[in-house]
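Structural characterization, general
Spelled out from the first residue to the last, the chains are:
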Amino acid sequence: MSIYSAMYSGVSGLAAQSAKFAAISDNISNSSTVGYKRSGVQFSTLVTSASNQGSYSAGGVKADLHTEVSRGGIVQATTSATDMAIAGRGFFVVSNRSAAVNGDAPSYMLTRSGAFRVDENGNLHNTAGYFLQGWKLGPDGKVVGGEPSRTSFTGLETVNLSSITGLAKATTQIDFAANLPASQTGQTPAAQPFSTSVDYYTPLGGTGRLTLQWAPQSTDNQWNLTVYDGATSLGTVNIEFNGNTATAGPPGSLNTMSEVGASPTLDVDAAAGTLKLDVNGQPIVVNLGRPNQTGGLTQWGDDYVPTKINKDGASYAPLERVEIGDDGIMTAIYKNGLRQAVYQIPVADVTNPDGLRRMDGNAFQVSRESGDYYLWDAGSGKAGAVDGSALEASNVDIAEELTSIIETQRAYSSNAKIIQTADEMLDEVSRLMR
């Protein structure tokens with residue numbers, strides 16, 4: 001009987017509108033949840049049987065839930081260095097625990113919720129308690145263990161900041177430039193030497209001191225440079241400057257000298273204008289500037305003036321903060337100014353993001369509908385770039401949801417009216433049959 005089918009259709013309409021209202025309620029309550037993805041309900045018609053001429057059997061409606069995972073939210077800047085957002089496609093890989101527990105491996109999920117904080121063990125986890133996963137980088141900036149797998153979570157580990165303690169770096173290069181007084185050469189007896197000290201850092205984070213002693217020679221435009229490590233001579237270099245020519249000023253040549261044969265702790269690269277020192281096994285290159293070119297040593301006038309002393313390396317210092325670049329590289333910044341890449345945060349992408357299975361804590365699991373995942377370097381391939389000190393807001397539009405509430409309320413009342421009217425019609429039939 002068509003009246004009964006109409007009543008059942010109204011009941012299915014009530015159920016469908018109730019499901020839509022529940023989704024709207026979730027959307028509104030999560031409108032401030034970082035990385036939340038809006039849930040929507042689509043309706044599809046049910047047909048119970050073919051309708052004959054003059055009669056119709058209502059089938060009703062069915063509610064189909066879908067999550068708008070591929071719809072991004074607004075990326076907003078924050079003040080926390082460990083906050084992260086993805087500008088474009090992709091997800092962070094997270095796990096339900098930081099390590100295997102009782103022999104059980106962690107369960108891996110995907111999320112856009114990047115509000116990560118450091119826990120009591122130094123692990124980065126978000127507000128839902130999921131731990132951020134990444135590839136650990138070695139001192140050379142490459143992934144430890146070689147190229148990682150891009151189609152499995154093997155090789156990923158929980159990002160841990162407590163393992164990043166401090167860093168020191170030995171000095172490997174010193175850039176030195178100075179003007180030597182031309183008037184001091186060609187004197188008999190030879191004029192007094194000039195000295196400049198340069199501190200350097202040892203491989204153990206300590207400091208040492210090199211002394212560059214410039215001795216003018218009795219021959220015009222010639223100087224002997226002796227390099228000392230403390231009181232120990234590392235060797236002597238003879239430097240001859242160009243005289244009254246068009247190229248006057250810079251040195252014309254560098255030659256290694258030593259009181260006892262060639263020095264085993266000093267070697268000259270005359271073409272490059274560098275001294276290669278062996279300081280107790282620590283190699284240090286002193287760059288004096290190329291011969292016949294300005295920018296390094298010069299010989300003019302009457303004054304000795306050091307103009308540039310630059311060196312690399314640093315003494316030991318603890319971690320100050322971390323930064324996350326667009327490429328997903330997490331860089332540790334130490335209080336001595338040194339920087340070192342420590343983790344690479346991959347961006348996972350799937351063929352159909354809207355097909356991912358929803359999990360608690362604003363996370364998702366790969367499903368048959370989503371397709372397989374691939375771990376990209378951030379900003380490459382299909383993956384979006386990572387924004388450090390930023391969060392992705394919920395993609396819920398409150399105005400849209402409030403409008404949907406009114407629409408759903410009206411539709412629900414109309415379906416209830418169908419049931420009421422069908423009941424009245426059946427009651428009329430019952431009276432006629434008495």
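Residues numbered from 1 in each chain as written. Predicted model: local features only at pLDDT ≥ 70, side-chain atom pairs only at ≥ 80, totals over all residues. Heavy atoms only, no water.

Let us now look at the packing of aromatic side chains. Taken as a whole, this structure holds 8 aromatic pairs when the rule is applied. Taking 5.2 Å as the distance between ring centres and 25 degrees as the angle between the ring planes, the aromatic pair formed by Phe194 and Tyr304 counts as stacked. In this pair, Phe194 is assigned in strand E13 (residues 194-201) and Tyr304 in the loop between strand E21 (298-299) and strand E22 (305-311), connecting sequence segments 110 residues apart. One aromatic cluster is present, built from ring pairs that chain together Tyr108, Phe153 and Tyr373. (Phe/Tyr/Trp six-rings, centres within 6.5 Å; stacked < 30°, edge-to-face > 60°. Helix = DSSP H or I, 4+ residues; strand = E, 2+ residues; numbered from the N terminus.)

This next bit is on the pairing of strand E20 (residues 282-287). Burial along E20 is one-sided: the residues Gln282, Ile284 and Val286 are buried and none of Pro283, Val285 and Asn287 is. Note: strand E12 (residues 173-180) against E20, 3 bridges, orientation parallel. Its bridge partner lying in E20, Asp175 is registered against Asn287. Sheet topology note: the strand E19 (residues 274-279)/E20 ladder contains 6 bridges and is antiparallel. Looking at E20, one finds that Val279 is bridged to Gln282. Between E19 and E20, which pair antiparallel in sequence order, lie 2 residues; one of them, Asn280, sits at a positive phi of approximately 50 degrees. (Buried < 20%, exposed > 50% of the residue type's maximum accessible area, 1.4 Å probe, protein only. Pairing = 2+ DSSP bridges.)

This part is about the nonpolar core. If you look at the biggest cluster of nonpolar residues, it comprises 27 residues, and the most contacted ones within it are Phe92, Leu132, Val159 and Met330. Within the residue set of this core, elements represented by two or more residues are strand E4 (84-87), strand E5 (92-95), strand E23 (314-324), strand E24 (329-334) and strand E25 (339-344). Counting residues in each nonpolar core, the second largest holds 26 residues, with Leu212, Trp223, Leu266 and Leu275 among its members. (Core = buried A, V, L, I, M, F, W, Y, C linked by side-chain atoms within 4.5 Å.)

Time to look at the UniProt feature "domain: Flagellar hook protein FlgE/F/G-like D1" (unreviewed entry) in the protein chain. Under the feature "domain: Flagellar hook protein FlgE/F/G-like D1" (unreviewed entry), the UniProt entry names residues 85-134. Helix makes up 0% of residues 85-134 and strand 38%, with an end-to-end C-alpha separation of 15 Å. (UniProt positions renumbered as here; feature names shortened; annotations may be inferred.)

Right, let's get into unusual backbone geometry. For residues that are not glycine, phi is negative in most cases, and the peptide bond is trans in most cases. The amide bond that connects Thr188 to the next residue, Pro189, takes the cis arrangement and shows omega of -5 degrees. The backbone of Asn221 sits at a positive phi, close to 65 degrees, despite the residue not being glycine. Note on placement: Asn221 falls in the loop between strand E14 (207-216) and strand E15 (222-229). Positive phi values are uncommon outside glycine, yet Asn280 reaches one of about 50 degrees. Checked against the element boundaries, Asn280 lands in the loop between E19 and E20.

On to the UniProt feature "domain: Flagellar basal body rod protein N-terminal" (unreviewed entry) in the protein chain, then. When the UniProt feature table is mapped to this numbering, "domain: Flagellar basal body rod protein N-terminal" (unreviewed entry) covers residues 7-37. When the span residues 7-37 is considered, its composition is 74% helix and 0% strand, and the gap between its end C-alpha atoms is 35 Å.

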